[in-house]
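Spelled out from the first residue to the last, the chains are:
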Amino acid sequence: MSRSATEGFHEPVPNAPAPLACAYGGGGLFGIAYLLGVGEALVDGGVALGAAPAIGTSAGSWAAGALALGVRWHDAIDLIGDDIPRVPDPRSGRLKRVATEIFGDRRVPSMRAVVCSLPRLQRVVLHGADHPVADLVAASSAVPGMLAPHRVDGRRYVDGGVRSMASADLADPATNLLVMAPIAGPMFGPAGRLAERVLRREMREWRLRNPDGNLWLIRPNRSIAELAGRPDQLFEPERAKRAYDLAYAQAAGILERWNGTYGDGATDATDVA
């Protein structure tokens, strides 16, 4: 079985744990904006997110690729926002074309993306060493019923968020795991709280495999959550632009706490937002 067909389990990483690893969750265009708002602010503050091994799901795969390749939100928003379908589009290749405009044919060996294979909707991890970023994001964000599945090596894949919004349990071994989850906490009321419970269970599973690792969870504050009260609003470019600005501002406080405690050996999941 190739690395790009790793289904339902975390493939062990033979090297020593990285100082920092990241897991980026899904959330539509809003999610990309949120992740890049926080992520770019952390990078601008000296946190080396782009060099960290990362796993991304749906919107999170776009963020993982962008942060690794130095693509900024303002470089990508018009390309992505102008091509979001307003009705279901069964034509194949739409996401791949947009992603190729943004990322070209570049690969990021430190990046992985979570997708769901058809027809059984099993979680699959695609590896950045094996496929271009454009293929990873097209497969990981092909929302069923809205966009056509994306083929990689002849297999059809759809949005990884069908099975898990963040797949934090599949994150790389690390001294510090930074989990960014656009759909958690105050987002969507009870639905967001449920998503966070699932996410925290995944984080506990990661901790069982990495008992010495520190966990960090970042998700929208209430001001950001108020921008999107319904799932369809996750795909509105103007809301996403406002989310980016608020997320960048939110990260100022996150950065202060991160710099104050990074590597201090916390033993429990740490909410930094």
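Okay, so let's go over this structure. (Residues numbered from 1 in each chain as written. Predicted model: local features only at pLDDT ≥ 70, side-chain atom pairs only at ≥ 80, totals over all residues. Heavy atoms only, no water.)

### Notes on the overall build of the chain
This is how the line gets drawn: Elements are defined by DSSP. Helices are runs of H or I of four residues or more, strands are runs of E of two residues or more, and each kind is numbered from the N terminus. Exposure categories follow from relative accessible area, calculated using a 1.4 Å probe and restricted to protein chains: below 20% of the type maximum is buried, above 50% is exposed, and the middle band is partly exposed. Throughout, a contact is declared for two residues whenever any of their heavy atoms are within 4.5 Å. Here the Shrake-Rupley method, with its probe set to 1.4 Å, supplies the accessible areas, and only the displayed protein chains count as covering residues.
On a plain count of helices and strands, the chain comes out with 8 helices and 10 strands. For the chain, with 273 residues in total, the buried portion stands at 56%. In the chain, 78% of the contacts between residues at least 6 apart in sequence involve partners at least 24 apart. In the structure as shown, the chain presents an accessible area of about 11500 Å², 54% of it carried by carbon and sulfur atoms.

### Quick word on the packing of aromatic side chains
Convention followed: We call Phe, Tyr and Trp rings a pair once their centres come within 6.5 Å, taking the six-membered ring for Trp, and we label the pair stacked below 30 degrees between planes, edge-to-face above 60, and tilted otherwise.
Summed over all chains, the structure comprises 4 aromatic pairs. Measuring from centroid to centroid gives 4.6 Å for Trp216 and Trp258, while their planes differ by 55 degrees, and the two rings are tilted. Of this pair, Trp216 sits in strand β9 (residues 214-218) while Trp258 sits in helix α8 (residues 237-261), placing them 42 residues apart in sequence. Judged on exposure class, the residue Trp216 and its partner Trp258 are both buried.

### Considerations on the packing of helix α3 (residues 73-81) against α8
The test is simple: A fitted line through C-alpha atoms serves as each axis, taken over the contacting stretch for helices, and the angle formed by two N-to-C directions is quoted from 0 to 180°. Oblique is the label for any angle not covered by the other classes, which are roughly parallel (under 35 degrees), roughly antiparallel (over 145) and roughly perpendicular (65 to 115). Left-handed describes a crossing whose near helix is turned anticlockwise from the far helix by less than a right angle; the clockwise case is right-handed. We call Asp, Glu, Lys and Arg charged. Ala, Val, Leu, Ile, Met, Phe, Trp, Tyr, Cys and Pro are nonpolar, and the rest, Gly among them, are polar.
Axis separation between α3 and α8 bottoms out at 11 Å; the angle between their running directions is 165 degrees. One finds that α3 runs roughly antiparallel with respect to α8. The two elements α3 and α8 cross, and the hand of that crossing is right-handed. Contacts between α3 and α8 involve Trp73, His74, Ile77, Asp78 and Gly81 from the former and Pro237, Ala240, Lys241 and Tyr244 from the latter. Grouping the amino acids of the contact of α3 with α8 by side-chain chemistry returns 5 nonpolar, 2 polar and 2 charged.

### Re helix α4 (residues 94-103)
Think of an α-helix as 3.6 residues a turn; residues three or four steps apart then line up on the same face. How we decide: Arc, as used here, means the arc of the directions from the helix axis to the C-beta atoms.
Residues of α4 that are buried include every one of Arg94, Leu95, Val98, Ala99, Ile102 and Phe103, and no others. All buried residues of α4 fall inside an arc of 135 degrees around its axis, so they share one side. Those residues of α4 that are buried are in contact with α2 (59-69), α3 and α5 (133-140). Among the residues trailing α4, Gly104 stands out with phi positive, at a value near 65 degrees.

### As for the nonpolar core
The condition that has to hold: Here, nonpolar core refers to any group of buried Ala, Val, Leu, Ile, Met, Phe, Trp, Tyr and Cys residues whose side-chain atoms link them within 4.5 Å.
Ranked by internal contacts, the top residues of the largest apolar core, which has 71 residues, are Leu42, Leu49, Trp62 and Leu178. Looking at which element gives the most residues to this core, the answer is helix α1 (residues 28-44), with 10 residues. Beyond its immediate sequence surroundings of up to four residues, Leu49 is in contact with Leu20, Cys22, Tyr24, Gly39, Leu42, Val43, Leu67, Leu178 and Met180. Judged by nonpolar contacts, the second largest core, of 19 residues, contains Ala21, Ala174, Met203 and Leu215.

### What to know about helix α6 (residues 190-209)
Here is the rule: Here a helix's expected span is defined as the number of its residues, less one, multiplied by 1.5 Å.
For α6, spanning 20 residues, the distance from its first C-alpha to its last is 29 Å, which sits close to the expected 28 Å at 1.5 Å a residue. Residues Gly192, Ala195, Glu196, Leu199, Glu202, Met203, Trp206 and Arg207 constitute the buried set of α6. All buried residues of α6 fall inside an arc of 145 degrees around its axis, so they share one side. Opposite the buried face of α6, by more than 90 degrees, sit the exposed residues Pro190, Arg197, Arg204 and Leu208. On its buried side, α6 packs onto β5 (122-127), β8 (174-180) and β9.

### Quick notes on the environment of Val114
In this fold, Val114 is placed in strand β4 (residues 111-117). C-alpha separation for the pair Val114 and Gly25, spaced 89 residues apart in sequence, amounts to 9.8 Å. Leaving out residues up to four positions away in the same chain, Val114 has contacts with Ile55, Gly56, Thr57, Arg123, Val124, Ser140, Gly160, Ser167 and Leu170.

### A closer look at the pairing of strand β7 (residues 155-159)
Basically, it comes down to this: The rule for pairing is simple: two strands pair if DSSP sees at least two bridges between them.
Strand direction decides the pairing type here: β4 and β7, joined by 3 bridges, are antiparallel. Each residue of the ladder has a partner; that of Val115, found in β7, is Asp159. In terms of strand pairing, strand β6 (residues 150-152) meets β7 through 3 bridges, oriented antiparallel. Of the residues in β7, the one forming a bridge with His150 is Tyr157. Connecting β6 to the next strand, β7, in antiparallel fashion are 2 residues, including Asp153 with a positive phi near 50 degrees.

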